[in-house]
Amino acid sequence: MMFRVPDDPANAVVCSDLSVSRRGRGPETRAVDGVTFTLPAGETLCVSGPTGSGKSSLLSVLAGVTDDSLVVSGGRAKVTGIDVRRKGRDRRVLTYRVGHVPQGAAAILPARLTVGETIAEPITSRDRRVNARAVAVRVAALLDEMHLPLGAAEKFPFELSAGMRQRVVFARALVLDPRVLVADEPLANIDLEVRHVVYDAIVRRRREWGMAAVIATNDEAFIRELGAAQLRLHAGHVVAQTAGGQVLWTPDTPGRTPVS
């Protein structure tokens, strides 16, 4: 797929004073307020904070999710050089370059698609003439990487455990070899003994072809394993930024150093 769109090989994600609002039946509410950070290619940023802090809203915007209830109300954000507010062809390219693991996606996998069809859908929805054998090989490789049995490809999601479905969601997010992974609680429901497959998949892609990752998680052990920078949110505001185990900025610190 060749599109003439802006690109930024050095920085995977750049947010500048980004604010995100939610619209519903009542008054508009500010979900994210004034978030600034730069994430270089090949690096990982973990976003943490309590429920309602704005983690999911921030990640949805960065993943290019189309949702009339979620709007950028201030500032800017670019992912692989593409402004997240752009629509049409640029938005399509953005969703091609970003692998997205939404929160709770394992519970709402399409019931009429097999696991193999679900994983392959980001490919088949873009090109109906794609080589079916090549897609099947790609799906099989991802099932193996996620420590799922090859026979799972022919099953339907309801036939799998919650943890297995979560790994299916993760495999689907990786099927297009994304430049940026945006994952909201990727370890949800995954048993402790197999959660290393998520870690291994992220680290291998980060090392081999510079995939960046933005991950919403409060799992401090996982954050340390990844060696990730950390952005902590509370009520939509950044309350701390850390990198390499060092605190870069808190509300009590004069000045502000973006995560980089």
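Scroll up to find the structure.
Residues numbered from 1 in each chain as written. Predicted model: local features only at pLDDT ≥ 70, side-chain atom pairs only at ≥ 80, totals over all residues. Heavy atoms only, no water.

Engineer: For this particular structure, what's the right way to read the overall build of the protein chain?
Structural biologist: Each helix and strand counted, the protein chain has 7 helices and 11 strands in total. When burial is assessed residue by residue, the protein chain has 48% of its 260 residues classed as buried. Carbon together with sulfur atoms contributes 50% to the accessible area of the protein chain, which is approximately 12,900 Å² in total. (Helix = DSSP H or I, 4+ residues; strand = E, 2+ residues; numbered from the N terminus. Buried < 20%, exposed > 50% of the residue type's maximum accessible area, 1.4 Å probe, protein only. Areas by Shrake-Rupley, 256 points an atom, 1.4 Å probe, with all protein chains shown as cover.)

Engineer: Any chance you could explain the nonpolar core here in plain terms?
Structural biologist: Buried together is how nonpolar side chains tend to be arranged in soluble globular proteins. By size, the foremost hydrophobic cluster in this structure holds 43 residues, and its most contacted members are Ile119, Phe170, Leu181 and Ile202. Broken down by secondary-structure element, the contributors of at least two residues to this core are α3 (115-124), α4 (132-145), α5 (162-174), β7 (180-184), α6 (196-209), β8 (212-216) and α7 (220-226). For Leu181, the contacting residues outside a window of four places in its chain are Gly99, Val101, Phe170, Ala173, Leu174, Ile202, Met211, Ala212, Ala213 and Val214. Ranked by size, the runner-up nonpolar core spans 34 residues in total, among them Val32, Val84, Ala212 and Ala216. (Core = buried A, V, L, I, M, F, W, Y, C linked by side-chain atoms within 4.5 Å. Contact = heavy atoms within 4.5 Å.)

Engineer: For this particular structure, what's the right way to read the packing of aromatic side chains?
Structural biologist: Any two aromatic rings considered together are summarised by their centre-to-centre distance and by the angle between their planes. Counting across every chain of the model gives 1 aromatic pair. On the basis of an interplanar angle of 15 degrees and a centroid distance of 6.2 Å, the ring pair of Phe156 and Phe158 is categorised as stacked. When its relative accessible area of 29% is taken as the criterion, Phe156 is described as partly exposed. Using a relative accessible area of 65% as the deciding quantity, one classes Phe158 as exposed. (Phe/Tyr/Trp six-rings, centres within 6.5 Å; stacked < 30°, edge-to-face > 60°.)

Engineer: Please explain α5 as it appears in this structure.
Structural biologist: Its 13 residues give α5 an end-to-end C-alpha distance of 19 Å, which sits within 8% of 18 Å, the value for a rise of 1.5 Å per residue. Most of α5 is tucked away: 11 of the 13 residues are buried. Inspection of α5 places Gly163, Met164, Arg165, Gln166, Arg167, Val168, Val169, Phe170, Ala171, Ala173 and Leu174 among the buried residues, and these make up the whole buried set. Contacts made by the buried residues of α5 are with β6 (98-101), α3, α4, β7 and α6. (Expected span 1.5 Å × (residues − 1).)

Engineer: In this structure, what is going on with the sheet that holds strand β2 (residues 29-40)? I would like to understand it.
Structural biologist: Strands belonging to one sheet form pairs held by backbone hydrogen bonds; the direction of such a pair is parallel or antiparallel. Pairing is antiparallel across the open sheet formed by 4 strands, whose spatial order is β2-β1-β4-β5. Either end of the sheet is taken by a strand with one partner, and the two such strands are β2 and β5 (82-83). (Pairing = 2+ DSSP bridges.)

Engineer: Honestly, the packing of α3 against α4 in this entry has me stumped. Any pointers?
Structural biologist: In a pair of packed helices, the angle between the axes and the distance between the axes together describe the arrangement. Taken N-terminus to C-terminus, the directions of α3 and α4 make an angle of 115 degrees; their axes are 10 Å apart at the nearest point. When the axes of α3 and α4 are compared, the pair comes out roughly perpendicular. As α3 runs across α4, the sense of the crossing is right-handed. Taken together, the residues of α4 that come into contact with α3 (itself represented by Val115, Gly116, Ile119, Ala120 and Ile123) are Val135, Val139, Leu142 and Leu143. (Axes fitted to C-alpha atoms, helices over the stretch in contact; angles between N-to-C directions. Parallel < 35°, antiparallel > 145°, perpendicular 65-115°, else oblique. Left-handed = near helix turned anticlockwise from the far one by under 90°.)

Engineer: I tried to follow the environment of Leu70 on my own but got confused; where do I start?
Structural biologist: Looking at the element boundaries, Leu70 is found in strand β4 (residues 70-79). You can call Leu70 buried: its relative accessible area is 11%. Leu70 sits 13 residues away from Ser57 along the chain, and the two C-alpha atoms are 7.5 Å apart. For Leu70, the contacting residues outside a window of four places in its chain are Val20, Ser21, Arg22, Ser57, Ser60 and Val61.

Engineer: Help me understand the environment of Gly116 in this model?
Structural biologist: Structurally, Gly116 is set in helix α3. Take Gly116: its relative accessible area is 12%, and that puts it in the buried class. Sequence separation between Gly116 and Val168 is 52 residues; the distance between their C-alpha atoms is 8.9 Å.

Engineer: Is there a simple way to think about the pattern of salt bridges in this case?
Structural biologist: A side chain of one charge can pair with a side chain of the opposite charge when the charged atoms of the two come close. Applying the stated criterion across every chain yields a total of 12 salt bridges. The partner of Glu28 in a salt bridge is Arg23, with the nearest N and O atoms 2.8 Å apart. By relative accessible area, Glu28 is classed as partly exposed at 46%. By relative accessible area, which is 48% here, Arg23 ends up partly exposed. Of the charged contacts in the structure, one is a salt bridge between Arg129 and Asp127, with a shortest N-O distance of 4.0 Å. What makes Arg129 exposed here is its relative accessible area of 78%. The class of Asp127 is partly exposed, set by a relative accessible area of 33%. Members of the salt-bridge network, linked through shared partners, are Glu145, Arg204, Arg205 and Glu208. (Salt bridge = Lys/Arg side-chain N within 4 Å of Asp/Glu carboxyl O.)

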